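Structure assessment
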Amino acid sequence: MAGPRRDTRGIVEAQELFARVRFRRREPTPALRPYLEHYWLIDWDLTEPYASHVVPHPSVNVVFQRYGDEAGWGEVAGIGLRLFTQKLEGRGRVCGVQFRPGGFRPFAPDRPVSDWTGQRLPIADVLPGADQDTVLGILRPEAAEDGRPGAQGQAGAGAQAEAQAQAEAQAQAEDARVAALDAFLLGLEPDADPQALRAMALVDLVRTDRSIRRVAELAAAEGVSARSLQRLFAAYVGVGPKWVILRYRIHEALERAESGEGPAGEGPMGEVPGDGERSGGGLDWAALAAELGYSDQAHLVRDFTATVGVPPTAYARPPLGNTQ
């Protein structure tokens, strides 16, 4: 594994979010990497409320969180089928674990992953050993840190030593939280399961191979029936293979809309919309629809609108802003 992903896929108006919070991805210990995508850590200190929006990945997440003066808590978040919105205000912290699609089942082997889909459950209801001490141990230790991105850079030259000390304290505190996440997950002793590895490999194929556009093509690549593939995905991923294929395509369309990049291999396109196909910063939605395996542009627009809540042209039209 080459380290945590650096893309913004699934994050709606990613730059708007990153301007308001400290967002980091961290790698787990090597023994956990076959099962986990990464840890994701967010801290914030806001003067005004902000609503973040995420188009969920086909992944289970375990989330430890604290908002303001509330006691911290943990939950298991099954795959979200709809746009996820979270209001952020004041100070807060989230320490999340994003499992690879198919990677959660070894940690909770007694039930199919589809049982958790669309649900957010107290962590102790799903995973053993997740008591309040575990939750607090992951959300701590504290450092004298400011949740605003770039806050350290605001110090004057005479305060450089203090700023450096604060940065070191933040790094040490973050390392301690990552170590606590590692210890908790290793303590669950995930079961080695060849079917989980198989499911993870198939989802990774969908994510990386654009030629896989239909369930029948994925089934043929694996040498199984479509029905067999659906059973595997229900048990180990939590959603069907068709859902996974469509979701990754929407993620790519969302990222293209925000970046203004054209079809693979092309840079940002600055053409003025004219024929109804180019819109939102010049992005050629008809060409992108064909590349992503849609029969026509209308089908991509329909899926994008149903998932994100606005049509592609409205999403891509600058300035994006956030009115929440």
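Figured I'd write up the structure that's included with this text. Being a predicted model, the structure only gives us computed values, none of them experimental.

As for the nonpolar core
- Ranked by size, the top nonpolar core spans 51 residues in total, and within it F64, F104, L127 and L185 carry the most contacts.
- The dominant element in this core, judged by the number of residues it contributes, is helix α4 (residues 194-208), at six residues.
- If sequence neighbours within four positions are ignored, F64 has contacts with W73, G74, R93, V94, C95, I123, V135, I138, L139, L181 and F184.
- Counting 16 residues, the second largest nonpolar core, distinct from the first, contains L254, L283, Y294 and L300.

A word on the environment of G10
- Along the chain, G10 falls in the segment before β1 (11-12).
- Given the relative accessible area of 0%, G10 is considered buried.
- Put simply, G10 and L254 are 244 residues apart on the chain and 7.3 Å apart in space, counted from C-alpha to C-alpha.
- Sequence-distant contacts of G10, defined by excluding residues within four places in its chain, comprise H53, V54, V55, H57, H251 and L254.

Digging into the packing of α4 against helix α7 (residues 241-259)
- At their nearest, the axes of α4 and α7 sit 9 Å apart, and the two run at 40 degrees to each other. For the element pair α4 and α7, the recorded crossing hand is right-handed. Contact residues: α4 offers V203, V206 and R207, while α7 offers V244, I245, Y248 and R249.
- Residues of the contact of α4 with α7, tallied by class, amount to five nonpolar, no polar and two charged.

Focus on the sheet that holds β1
- The strand order across the open sheet formed by three strands is β1-β4-β7, and the pairing between neighbours is antiparallel. If you trace the sheet from one side to the other, it starts and ends with β1 and β7 (84-88), each paired once.
- Here β1 pairs with strand β4 (residues 50-54) via two bridges, running antiparallel. The partner of I11 across the bridge, within β4, is V54.

Things to note about unusual backbone geometry
- Of note, E13 is a non-glycine position whose phi angle comes to about 50 degrees, a positive value.
- Mapped onto the secondary structure, E13 falls in the loop between β1 and α1 (14-18).
- Backbone geometry at E189 places phi at a positive 50 degrees, although glycine is not the residue there.
- Looking at where E189 falls in the secondary structure, it is placed in the loop between α3 (160-187) and α4.

A closer look at the pairing of strand β3 (residues 36-45)
- Among the ten residues in β3, nine count as buried, and that is most of the element.
- As defined by bridge partners, strand β2 (residues 21-26) adjoins β3 across six bridges and the pair is classed as antiparallel. Across the sheet, R25 pairs through a bridge with W40, a residue of β3.
- As paired elements, β3 and strand β8 (residues 91-99) share nine bridges and run antiparallel to each other. For Y39, the partnering residue across the bridge sits in β8 and is V97.

Thoughts on the packing of helix α5 (residues 215-222) against helix α6 (residues 226-236)
- As a packed pair, α5 and α6 sit with axes 9 Å apart at the nearest point and diverge in direction by 90 degrees. If you check the angle between α5 and α6, you find them roughly perpendicular. Facing V215, L218 and A219 of α5, the residues of α6 in contact are A226, L229 and F233.
- Within the contact of α5 with α6, the residues separate by chemical class into six nonpolar, no polar and no charged.

Quick word on the pairing of β8
- A large share of β8 lies buried, amounting to eight of its nine residues.
- Across seven bridges, strand β5 (residues 61-67) lies against β8 in antiparallel orientation. Across the sheet, residue Q65 finds its bridge partner in β8, namely V94.

Topic: the sheet that holds β5
- Strands sit in the order β2-β3-β8-β5-β6-β9 across an open sheet of six strands; the sheet is antiparallel. Whereas interior strands pair on both sides, the edge strands pair on one side only; in this sheet they are β2 and β9 (120-122). Adjacent strand axes in the sheet meet at a mean angle of 20 degrees, parallel and antiparallel pairs treated alike.
- Its contacts with the sheet place helix α2 (residues 132-139) against β5, β6 (73-77) and β8, and it is angled at close to 75 degrees to β5.

Re the packing of aromatic side chains
- According to the stated counting rule, one finds eight aromatic pairs in the structure shown.
- Seen in terms of ring centroids, Y67 and W73 are 5.5 Å apart; in terms of plane orientation they differ by 35 degrees. Their pairing is tilted.
- One aromatic cluster in this structure is built from Y35, F99, F104 and F107.
- Just above the ring of Y236 sits the side chain of R105; from NZ or CZ to the centre is 4.9 Å.

Criteria and cut-off values
Residues numbered from 1 in each chain as written. Predicted model: local features only at pLDDT ≥ 70, side-chain atom pairs only at ≥ 80, totals over all residues. Heavy atoms only, no water. Core = buried A, V, L, I, M, F, W, Y, C linked by side-chain atoms within 4.5 Å. Buried < 20%, exposed > 50% of the residue type's maximum accessible area, 1.4 Å probe, protein only. Helix = DSSP H or I, 4+ residues; strand = E, 2+ residues; numbered from the N terminus. Contact = heavy atoms within 4.5 Å. Axes fitted to C-alpha atoms, helices over the stretch in contact; angles between N-to-C directions. Left-handed = near helix turned anticlockwise from the far one by under 90°. Nonpolar A, V, L, I, M, F, W, Y, C, P; charged D, E, K, R; others polar. Pairing = 2+ DSSP bridges. Parallel < 35°, antiparallel > 145°, perpendicular 65-115°, else oblique. Phe/Tyr/Trp six-rings, centres within 6.5 Å; stacked < 30°, edge-to-face > 60°. Lys NZ or Arg CZ within 6 Å of the ring centre and 35° of its normal.

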